[in-house]
Amino acid sequence: MPVFPASKIKDIADLDMLLGEMTLEEKAGQLNQPPNMLALEDADVKAGKIGSVICAFNAYAGNESHERVRAGQTNRLQRIACEEARLPIPILFARDVIHGHRTVAPIPLGQAASFSPELVEEAQAIAAFEATADGIKWAYTPMLDIARDPRWGRIAEGFGEDPYLASRLAEAAVRGLQGTNMADNDRMAACMKHFVGYGAAEGGRDYNTGEISEYTYRNLYLRPFHAAVKAGIATAMSAFIEVAGIPATCHKWILDDILREEWGFDGVVVSDWDGVGEIVHHGCAADHTEAASKALAAGLDIDMATFAYIKHLPELVRAGVISEELVDRAVRRVLLLKYRCGLFENPYTDETLGDKRMFLPENQNKALEFAKRTLVLLKNENETLPLTKPKKLGIFGTLGKATWEMFGTWCLDGQASEVVTISDAIKKEFGSDVEYMESPNPDDAISFARFVDAVIVVVGESPHRGGENNCVTDIGLPAGQLQLLKGLKRMGTPVIAVVVTGRPNDLSWLEANVDAILLAFHPGSMAGQAIAETLSGKNNPSGKLPVTFPRCVGQVPIYYNRKNTGRPLDPYAKGMTRYIDSLDSPLYEFGYGIGYSPINYSNAKLDGWKVSVDVKNEGKYAAEEIVQVYFRDEVASRSRPIKELVKFSRTTLKPGETKTVSFELKAEDLGYYGPQNTWVVEPGWFQVAIGANSLAPMFARFQVDASGAISESQVM
Ligand code: BGC
């Protein structure tokens, strides 16, 4: 029996009483996070050796669906921890609930294409609502790694290349998961990962080294994480990558100096899977004992899946290598997290909730609305789309009949049987008056193409070509898909390519040759209906690219917020920064995406700090337009990008309607981490652009004085 009941922990101050009762072994237990809940020994739970559990059955969770966790299972273990152990300390159950639990939202890269913090918040609230019913109280999301390299498979898991967009969506994800009180039975602790710099892996090869200056670190990679901390995120996961020769898992400057001292984060830092063990592979510790002492000293609280803390921390303290205060510091944070999650008060999950909360019709509808807003129309020649009154349609391509593939990478709990395929959804949407020709065989498809009004070709990538540990050197479409498209094009029938993918692919041939391209970053459970309703025109696509699409892999890394350089880019001049065998511009710019109605931008104005523009829907379809504001700091003590996103919003426009969309800027929006590594707005001239994508031209300049006021402005 416990020495006192869990319910006695009523106040944060009581946590110290609990800590005071703990043996060294029990303390190490709180910092230990084994995987595979079903393989745990009851005796270990009873001995207080299991502080938290990662509910994954192997290290490849990102690439596989996993057995569902049941509240009955978590409750059983919880009962041992809270009622049979010497000290009543609840277990925290964690899982990779990345972009949905049973109701699967679009992958984060797709979520970012919606430019909608509201939808991200709503989707994460649904994820928390479902996952908590299965006993999970800690989700390893959001993934906030800025990524500029489409070769890196994990680009799918993040919010794209822009730190401002990623920051706004990071805050939204925190609100959605944690709500105002993580203890609520439909909210959970969020975990920002991977802290930090993982997206900079050289060559786009997962787990590789990356070289980042402190300047780029602060101005790019750290920003979404800082936003999440300000939004109150409860936990962080350290990255696999090393930073300047030190693995992030044991990097004091990152975990303690920046995260805790500078930003005031008081939550828990967990390692990535076997991150502590990997310190040895990095060549920064001789064995797990040394790795454990280095990681703990650097500020890493929980050891996921290495078992180095549980095995070695007690002996390290007894040998005087590390102080017990260091262990206590980490344990206190873990207890505080559990307290904030309400686990001391209510460690158990209501076992009747599970099935009542999964894949509810209203949540399917929300996922459908979200999926629709993540679709990006890249090309639509001769108004090929929407398909109005077709008589005969061909539906071809490898992903037309796909199910679980629509979930994208990192989906453990989505049910393939709940996904309506794109092909079935199209047939439902267009009805039985239309004749459909289908074949999995490319040669049949090509011969059928002669007999139909248009072919819809669903190409792209299986999640197995992206995500963790799935990196490529060729970002073109997978084998055979281009040949199929080329053959179909030869038949003279309009070709509509629906590209379902997890990364920016090289779509150069498609852009030059097919009639329409609809891009869908793996859109989740409701992919089929979202795509079908878009092809029919019931939905007017409104997503915009959160990441640059290169013309070819040789342009990588390529991103919109680049520097001017000493020899600015000029496609025709000699001696300037450019390629000789390719245009320098990307195929599709960051922020790009069209719809079925042309949207006209006019009358851009700068009035004090207010930037505005008139947007007119010149077509016959109701539209949602994402208006974007960019700025440029003309002269600063450090070179600044040629443009930086600073505001965005979604506006609805009825056919023929004009709206004035305006934004209030503030001096502090124009800052950056300057020479002292602090956020500064240096007085001087700035430029501003407002438009439909990152190609919007700068239309005004304004001077900001030392007091942060605008002293002068001019139209450009
Ligand atoms: C991934 C993390 C994930 C963890 C736990 C690691 O391999 O990098 O993103 O949260 O596994 O499954």
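In case you missed it, the structure is sitting above this.
Residues numbered from 1 in each chain as written. Predicted model: local features only at pLDDT ≥ 70, side-chain atom pairs only at ≥ 80, totals over all residues. Heavy atoms only, no water.

Draft legend 1. Main features of the overall build of the chain. Scanning the chain from terminus to terminus reveals 21 helices and 26 strands. The C-alpha atoms of the chain give 26 Å as radius of gyration, which agrees with the globular expectation for 716 residues (27 Å, within 12%). Taken along its principal axes, the extent of the C-alpha atoms in the chain is 75 × 65 × 45 Å. Within the span of the chain, comprising 716 residues, buried residues form 62% of the whole. Across the chain, the fraction of contacts at a sequence separation of at least 24, relative to all contacts at a separation of at least 6, is 75%. Carbon and sulfur atoms provide 49% of the accessible area of the chain, an area that totals close to 26200 Å². Both charge centroids of the chain, one from 74 positive and one from 93 negative side chains, sit 4 Å from each other. (Helix = DSSP H or I, 4+ residues; strand = E, 2+ residues; numbered from the N terminus. Rg over C-alpha atoms; globule rule 2.2 N^0.38 Å. Buried < 20%, exposed > 50% of the residue type's maximum accessible area, 1.4 Å probe, protein only. Contact = heavy atoms within 4.5 Å. Areas by Shrake-Rupley, 256 points an atom, 1.4 Å probe, with all protein chains shown as cover. Lys, Arg positive; Asp, Glu negative; His and termini not counted. Charge placed at Lys NZ, Arg CZ, Asp CG, Glu CD.)

Draft legend 2. Just the sheet that holds strand β3 (residues 92-95), in detail. The strand order β2-β3-β4 describes an open sheet built from three strands, whose pairing is parallel. Looking at strand neighbours, the two that pair on one side only are β2 (52-54) and β4 (138-139), the edges of this open sheet. Here β3 runs beside β4; their pairing, made up of two bridges, is parallel. Bridge assignment links A94 to a residue of β4, and that residue is W138. (Pairing = 2+ DSSP bridges.)

Draft legend 3. Spotlight on the site of the ligand. Taken together, the neighbourhood of the ligand is formed by 13 residues, with D96, R154, H194, D272 and E468 sitting nearest. For the ligand, an oxygen atom lies 2.8 Å from a polar atom in the side chain of E468. In the complex, the protein chains occlude 98% of the 310 Å² of accessible area that the ligand would expose alone. A class-by-class count of the residues in the shell around the ligand yields seven nonpolar, one polar and five charged. (Near = heavy atom within 4 Å. Polar contact = N/O pair within 3.5 Å; in protein donor to acceptor, adjacent residues only side chain to side chain. Nonpolar A, V, L, I, M, F, W, Y, C, P; charged D, E, K, R; others polar.)

Draft legend 4. Highlighting the pattern of salt bridges. The tally for this structure, following the rule as stated, stands at 43 salt bridges. R318 is paired through a salt bridge with E25; the nearest N and O atoms lie 3.1 Å apart. With R318 in helix α13 (residues 308-318) and E25 in helix α2 (residues 24-30), the pair connects residues that are 293 residues apart, well separated along the chain. Across the pair R373 and E369 runs a salt bridge, and its minimum N-O distance is 3.0 Å. (Salt bridge = Lys/Arg side-chain N within 4 Å of Asp/Glu carboxyl O.)

Draft legend 5. Representation of empty space enclosed by the protein in the model. A full pass over the atoms with the stated rule returns two cavities of 30 Å³ or more. Approximately 110 Å³ is the volume attributed to the largest cavity. Looking at the lining of the largest cavity, the elements that each hand over two or more residues are α2 and α3 (42-46). Within the lining of the largest cavity, the residues separate by chemical class into eight nonpolar, two polar and four charged. In this structure, the second largest cavity encloses a volume near 80 Å³. (1 Å grid on protein atoms, 1.4 Å probe; cavity = no way out; pocket = protein on both sides within 12 Å on 5 of 7 lines; lining within 4 Å. Points joined across faces, edges and corners; volume = space filled by probe spheres on them.)

Draft legend 6. Representation of the state of the cysteines. Under the criterion given, the structure shown has zero disulfides. This cysteine, C341, is not joined by any disulfide, and C191 carries the nearest cysteine sulfur, 12 Å off. (Disulfide = S-S within 2.5 Å.)

Draft legend 7. Main features of the pairing of strand β5 (residues 191-195). Burial runs high along β5: five of the five residues are buried. Bridge analysis of β5 against strand β6 (residues 235-238) gives three bridges, and the strand direction is parallel. Each bridged residue has a counterpart across the sheet, and for M192 the counterpart in β6 is A236.

Draft legend 8. Up close: helix α7 (residues 163-178). With 16 residues, α7 extends 22 Å between its outermost C-alpha atoms, agreeing within 8% with the 22 Å of an ideal straight helix rising 1.5 Å per residue. Most of α7 is tucked away, with 14 of its 16 residues classed as buried. Of the residues that open α7, the one with a side-chain oxygen 3.0 Å from the backbone nitrogen of Y164 is D162. Where α7 ends, the next residue or the one after it, G179, has phi of about 60°, a positive value. (Expected span 1.5 Å × (residues − 1).)

Draft legend 9. Representation of the layout of surface pockets. Its volume calculated, the largest pocket comes out at about 730 Å³. If you go around the largest pocket, you meet 33 residues; those closest to its centre are P163, N219, R223, G671 and W679. Going through the elements one at a time, α7, α8 (214-221), α9 (223-230) and β20 (644-653) are the ones with two or more residues in the lining of the largest pocket. It is α7 that contributes the most residues to the lining of the largest pocket, five residues altogether. Of the residues assigned to the lining of the largest pocket, the class counts are 13 nonpolar, six polar and 14 charged. A volume near 590 Å³ is recorded for the second largest pocket. Around the second largest pocket sit 23 residues that line it, and I558, R562, L569, D584 and S585 are the ones nearest its centre. Classifying every residue of the lining of the second largest pocket gives twelve nonpolar, six polar and five charged.

Draft legend 10. Quick look at the packing of aromatic side chains. Under the counting rule described, the total for this entry stands at 22 aromatic pairs. Here the aromatic rings of Y215 and Y672 are separated by 6.3 Å at their centres, their planes lie at 90°, and the arrangement is edge-to-face. Taken together, the positions of Y215 in helix α8 and Y672 in strand β22 (residues 672-673) put the pair 457 residues apart, joining distant regions of the chain. What makes Y672 buried here is its relative accessible area of 0%. Arranged with centres 5.5 Å apart and planes meeting at 5°, the rings of Y588 and Y592 form a pair that is stacked. Members of the aromatic cluster, each reached through a chain of ring pairs, are F115, Y164, Y560, F590, Y630 and F648. Across the ring face of Y559, the terminal group of R148 is positioned such that the distance to the ring centre comes to 3.4 Å. It is K193 that lies over the ring of W410; its NZ or CZ is 5.3 Å from the centre. (Phe/Tyr/Trp six-rings, centres within 6.5 Å; stacked < 30°, edge-to-face > 60°. Lys NZ or Arg CZ within 6 Å of the ring centre and 35° of its normal.)

Draft legend 11. View of the pairing of strand β17 (residues 599-607). As paired strands, β17 and strand β18 (residues 610-617) are joined by seven bridges and run antiparallel to one another. Among the inter-strand pairings, S602 is bridged to a residue of β18, identified as D614. Linkage of β17 to β18, two consecutive antiparallel strands, is achieved through a turn of two residues, within which G608 is found at a positive phi near 65°.

Draft legend 12. Just the nonpolar core, in detail. In this structure, W138, M192, F195 and L488 are the most contacted members of the largest nonpolar core, which totals 171 residues. Here this core takes nine residues from α7, the largest share from any one element. Sequence-distant contacts of M192, that is, excluding residues within four places in its chain, are made with T141, P142, L144, F225, A228, V229, I233, T235, A236, M237 and L259. If you look at the next biggest cluster of nonpolar residues, it comprises 40 residues, including Y436, I456, V498 and A520. (Core = buried A, V, L, I, M, F, W, Y, C linked by side-chain atoms within 4.5 Å.)

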